[in-house]
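A structural walkthrough
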Amino acid sequence: MKTYHIITYGCQMNEHDSENIAGILEAMDYEYCDDPFKADVVVMNTCSVREHADKRFFGMLGQFKVRKKEPGDFIMCVCGCMPQQPVIQEKIRKQFSWVDIVFGTQTIGDFARLLNDRVRTGRHQFSIMANNPALPEEGNGKRLHEYKALVNITYGCNNFCTYCIVPYTRGREKSRSMEDIVTEIRGLAADGVKEVMLLGQNVNSFRDANGNGFPTLIRAVNGIDGIERIRFMTSHPKDLSEELIACFRDCEHLCKHIHLPVQAGSDRVLKRMNRHYDRARYLDVVRRLREACPEIAISTDIIVGFPGETEEDFEDTLSLVREVRYDSAFTFIYSPREGTPAASFEDQIPEDVKHARFERLVDAVNEISLEKNALYQGKVCDVLVEGRSKKDDATYSGRTDTFKLVNFRAGCDVVGETVAVRITDSKTFSLEGELA
Ligand code: SAH
Ligand code: SF4
Ligand code: F3S
């Protein structure tokens, strides 16, 4: 039997695309192989959101070249966001001409044909589309996790934040139909899935051909038997509606957690980022969310060193972090992406200044995360158990409704169950507990 291995970089959309790619390979009778250097087919699903991701990709890709000299018919595939960019496509064709198959974020449905053609003819295969009007097929993927599933609700992005490459790699925004999504989730529930993560670059702008919006979709999913937890990602502050806030009050299965990327705390920077909200409006959304759901955990994404960011602008970001008191935050150093407006802004920030600000931001964020997590000590939380520790098989880990990672010990196998855990200790990124 022929085997495959998939290496995935980037966000949860890519993770889910990899699940679909695995589904295609298994339907073609390929078997999963743990070791990328032994598999007959290797797929690298790439990300181009920051330069670091580019570098890691090319470094890793280079390591597979030797396999072409080994006996057997090793097949190397590259897909995801990198080859969506014409310059990268060129680079792969020229410097990595031994790569067999290249496809994009919008041509995953072609993969079976490409692979068959490559096996049959030995010839290289390319399939990239910038804006495929057809929606990909969903529901035949191979899930990474047994009890939780990633479910696409929108594809692409229309927001064009000035720093971001995603609208260029994923194309224009498209929504699936609510009916298709609900049918898929019913099937997942029947297959034992308890938690769904609804995915889109901006789920708030979900609107299907029948006019159903995101809050309507959440209420529909909330009514599906067997689904205990609903999460979504990512929600853009500019169009977070009052109806969505009401869902946090009314929908018992909607988790009390929202990821609400702020990016910066200075109005001047937010404007230059093309985010379409200001600090006051963001803070108002946070206030209304907490009014509707006092226990809600809030996390965010922040970029430091955006072109033109002054010390004062940066301090506005720090003060916003202290005002909101995030449960957690992903912090990024601004990375210029070729083809995006901000990459050609003239006032780029020197690397040492970016790094110094980054360190200060991380310290502020971590201090607050630690304080927030300390509030959990002594509480009993429902934890959906996701796995067992590799080092010690009596230690389990799972998440609270508020997305806190909890490690605890149990005498019997509780993976996939929701159990009550008493929190005994807290750290910056996780909680410790015991079965209650
Ligand atoms: N659609 C999501 C974000 C997807 S990208 C949203 O709008 O919230 C994930 C995060 O990467 C972004 O929120 C941003 O903080 C960060 N990011 C995107 N482009 C970046 C760049 N050029 N440099 C540094 N960080 C970036
Ligand atoms: Fe990028 Fe902005 Fe779209 Fe998010 S909303 S994917 S940050 S352009
Ligand atoms: Fe990366 Fe593409 Fe996601 S650039 S963050 S994999 S949409």
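Bear in mind the structure is a predicted one, so any value in this text is a computation, not a measurement. (Residues numbered from 1 in each chain as written. Chains lettered and ligands numbered in written order. Predicted model: local features only at pLDDT ≥ 70, side-chain atom pairs only at ≥ 80, totals over all residues. Heavy atoms only, no water.)

What follows deals with the pattern of salt bridges. Under the criterion given, the structure shown has 38 salt bridges. D347 is paired through a salt bridge with R272; the nearest N and O atoms lie 3.1 Å apart. In this pair, D347 sits in the loop between strand 14 (328–333) and helix 12 (351–374) while R272 sits in helix 9 (residues 267–272), placing the two residues 75 residues apart along the sequence. When the shortest N-O distance is used, the salt bridge between E291 and R287 registers 3.0 Å. Here R287 and E291 lie together in helix 10 (residues 279–292), a separation of four residues that amounts to about one turn. (Salt bridge = Lys/Arg side-chain N within 4 Å of Asp/Glu carboxyl O. Helix = DSSP H or I, 4+ residues; strand = E, 2+ residues; numbered from the N terminus.)

Okay, the site of ligand 1 next. In the vicinity of ligand 1 there are 15 residues, among which Q201, P261, Q263, D301 and S335 approach most closely. Contacts to ligand 1 include Q263, whose side-chain N or O atom sits 2.7 Å from an oxygen atom. A distance of 2.7 Å is found between an oxygen atom of ligand 1 and a side-chain nitrogen or oxygen belonging to D301. Taken by itself ligand 1 offers 540 Å² of open surface, and the protein chains cover 90% of this. Those elements that provide at least two residues to the shell around ligand 1 are strand 13 (297–304) and strand 14. Taken together, the residues of the shell around ligand 1 sort by class into seven nonpolar, four polar and four charged. (Near = heavy atom within 4 Å. Polar contact = N/O pair within 3.5 Å; in protein donor to acceptor, adjacent residues only side chain to side chain. Areas by Shrake-Rupley, 256 points an atom, 1.4 Å probe, with all protein chains shown as cover. Nonpolar A, V, L, I, M, F, W, Y, C, P; charged D, E, K, R; others polar.)

Take the sheet that holds strand 10 (residues 195–199) next. Ordered in space as 7-10-11, the three strands form an open sheet in which the pairing is parallel. This sheet does not close on itself; its edge strands, each paired only once, are strand 7 (148–152) and strand 11 (229–233). Here the strands of the sheet are splayed against their neighbours by 20° on average, with no regard to which way each runs. Of the strands in this sheet, strand 7, strand 10 and strand 11 touch helix 1 (residues 12–27), which is tilted by about 100° from strand 7. Of the strands in this sheet, strand 7 and strand 10 are in contact with helix 6 (residues 178–190), which crosses strand 7 at around 165°. (Pairing = 2+ DSSP bridges. Axes fitted to C-alpha atoms, helices over the stretch in contact; angles between N-to-C directions. Contact = heavy atoms within 4.5 Å.)

For the structure shown, the criterion picks out 15 aromatic pairs. The interplanar angle of 90° and the centroid separation of 5.0 Å between the aromatic rings of F214 and F232 together place this pair among those described as edge-to-face. With F214 in helix 7 (residues 214–222) and F232 in strand 11, the pair connects residues that are 18 residues apart, well separated along the chain. Take F232: its relative accessible area is 7%, and that puts it in the buried class. Ring pairs connect the aromatic residues F57, F58, F96 and W98, which therefore count as one cluster. (Phe/Tyr/Trp six-rings, centres within 6.5 Å; stacked < 30°, edge-to-face > 60°. Buried < 20%, exposed > 50% of the residue type's maximum accessible area, 1.4 Å probe, protein only.)

In this section: the side chain of R229. With respect to the helices and strands, the residue R229 is situated in strand 11. Nearest to the buried, unbridged R229 among oppositely charged side chains is E195, at 4.1 Å. Engagement of the side chain of R229 in a polar contact is seen with the backbone oxygen of D382, the distance being 3.1 Å. (Lys, Arg positive; Asp, Glu negative; His and termini not counted.)

What follows covers the environment of G265. Turning to its location among the elements, G265 is positioned in the loop between strand 12 (257–259) and helix 9. For G265, the contacting residues outside a window of four places in its chain are R279, D316, T317 and L320.

Assigned domains within the chain: domain 1 (3–127), domain 2 (148–374) and domain 3 (380–435). Taken over C-alpha atoms, the centre of domain 2 sits 26 Å from the centre of domain 3. With 17 residues of domain 2 at the interface, the matching set in domain 3 holds 19 residues. Both faces considered, domain 2 and domain 3 share a buried interface measuring about 1400 Å² in area, 47% of it formed by carbon and sulfur atoms. Of all residues in domain 2, K194, R229 and N373 give up the largest surface area on contact with domain 3, accounting jointly for 38% of the area buried on that side. Our count for the domain 2 to domain 3 interface comes out at two salt bridges. Here D327 ties to K404 by a salt bridge, and the two come within 2.9 Å at their closest N and O atoms. If you look at where domain 2 meets domain 3, you find twelve residue pairs in polar contact (both at pLDDT 80 or more). The set of elements that each furnish at least two residues to the side of domain 2 that touches domain 3 consists of strand 11 and helix 12. (Domains from an automatic or database assignment. Buried area = accessible area lost by both parts, 1.4 Å probe.)

Quick look at the state of the cysteines now. In this structure the tally under the stated criterion is zero disulfides. As a non-bridged cysteine, C77 has C79 as the owner of its nearest cysteine sulfur, 7.8 Å distant. This cysteine, C247, is not joined by any disulfide, and C251 carries the nearest cysteine sulfur, 4.4 Å off. (Disulfide = S-S within 2.5 Å.)

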